[in-house]
Amino acid sequence: MEKMEKMGRACLIFLVSMIFLFVGFGHSKETSKPLILQEMTWTDVQEYLSKSDMVIIPIGSTEQHGPHLPLGTDSFIATDIAKMISVRTGVMVAPVVLAGYSVYHSGFPGTLSLKPETMEQVLFETAEMLIKHGFRRIMFLNGHGGNTIVQSKVIHRINHNTAAIALALGDYSPIDEEPPKDWFDQHAGVQETSVMLHLEPGLVQMERAEKPKIRFSPQRGNYLMLGRKNPELMGIFWSLLATPQETEKGGASHQISSNGVWSFSDPNEATKEIGEQYISKRVESFAKFIETWKQVPPEKK
Ligand SMILES: [Zn+2]
């Protein structure tokens, strides 16, 4: 009798722990640590692939970000967001491409740049290896506007030449935001400085932050003036920006800005609260998108 009771209790404990285990797995998608490919062993990756075929590839740049932000700003931002998403969703993060297409920033020392075709090849071959191992859903997370065109080309190439699906985080995960007060706060300005104050405060040197002198070439000034009344011309204004000095379009960073900052505002207005709000909206929206996409189970290989 006593033996029977003991067995019954053991069964009950087993059942209760299984329920806890099941409920736990079902609900706690959040892990405390991000899953970073370089920090994992091949056996970890093998185990991961038995449950998921998703991977995030952050893309960054090494380019001047004014006198107060580090050259790796875009890489830090892309990687930090990817890590936060990984903590939220359990999706693995693959290595960031440290140099992007940034030749128009090279008037300031330290900027590195890959030719678009080189960068495309590096990203494509990285994806090819991941696909060989069984990854089928590849999400790029880009931290630098100059990389957008390369990112689109790689995504198209993956979708049309391999078994995998590739996309850019952000394309299918809309972010509800007010339009910025300063439309030219594009680079190392209030917004980006705020983001860095939130993510990497130890790398921000606020005592060096200063409002840039912005000068547009007469041609660009004309597009800007006409564009106020004819918004269809603003596309030309934007396509003349961020062009290499050699094209003689006057769109290189050092031709536009006295210190590399692209903003009409003073980066000293930056606060970590602005940065936190900007980042949390993105992480929230990307994580939500991923959780929805997870409802489509991986294809049987
Ligand atoms: Zn940047």
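Criteria and thresholds
Residues numbered from 1 in each chain as written. Predicted model: local features only at pLDDT ≥ 70, side-chain atom pairs only at ≥ 80, totals over all residues. Core = buried A, V, L, I, M, F, W, Y, C linked by C-beta atoms within 7 Å. Buried ≥ 20, exposed ≤ 12 C-beta atoms within 10 Å, placed from the backbone. Helix = DSSP H or I, 4+ residues; strand = E, 2+ residues; numbered from the N terminus. Contact = placed C-beta atoms within 7 Å. Axes fitted to C-alpha atoms, helices over the stretch in contact; angles between N-to-C directions. Parallel < 35°, antiparallel > 145°, perpendicular 65-115°, else oblique. Left-handed = near helix turned anticlockwise from the far one by under 90°. Nonpolar A, V, L, I, M, F, W, Y, C, P; charged D, E, K, R; others polar. Expected span 1.5 Å × (residues − 1). Arc of directions from axis to C-beta.

Participant: What is the right way to read the nonpolar core from this model?
Facilitator: Grouped burial of nonpolar side chains is what soluble globular proteins tend to show. Counting residues in hydrophobic clusters, the biggest one holds 58 residues, and the most contacted among them are Val55, Ile56, Ile85, Ile138, Phe140 and Leu141. Contributing elements (two or more residues each) for this core: β1 (54-59), α3 (73-89), β2 (92-93), α4 (116-133), β3 (137-142), α5 (148-161), α6 (190-199) and α10 (272-293). Here this core takes 6 residues from α3, the largest share from any one element. Apart from the residues lying within four places of it in its own chain, the contact partners of Ile56 are Ala82, Ile85, Ser86, Val91, Val93, Met139 and Leu141.

Participant: Please explain the packing of α4 against α5 as it appears in this structure.
Facilitator: Relative placement of two packed helices is described by the angle separating their axes and the distance separating the axes. It is at 9 Å that the axes of α4 and α5 come closest, and there the two elements cross at 40°. For the element pair α4 / α5, the angle class is oblique. Helix-helix and strand crossings are classified by hand; for α4 and α5 the assignment is right-handed. When α4 is examined against α5, the residues Pro116, Met119, Glu120, Leu123, Phe124 and Ala127 are found in contact with a partner set consisting of Ile149, Val150, Lys153, Val154, Arg157 and Ile158. Looking at the contact of α4 with α5 residue by residue, the classes come out as 9 nonpolar, no polar and 3 charged.

Participant: In this structure, what is going on with α4? I would like to understand it.
Facilitator: Think of an α-helix as turning once every 3.6 residues; residues three or four places apart then point the same way. Over its 18 residues, α4 runs 26 Å from end to end, which matches the ideal 26 Å to within 8%, given 1.5 Å per residue. Taken residue by residue, α4 has Met119, Leu123, Ala127 and Leu130 as its buried positions. In an axial view of α4, the angular spread of the buried residues amounts to 60°, which keeps them on one side of the axis. Facing away from the buried surface of α4 by more than 90 degrees, the exposed residues are Glu117, Glu125, Met129 and Lys132. Phi turns positive, to about 120°, at Gly134, one or two residues after α4.

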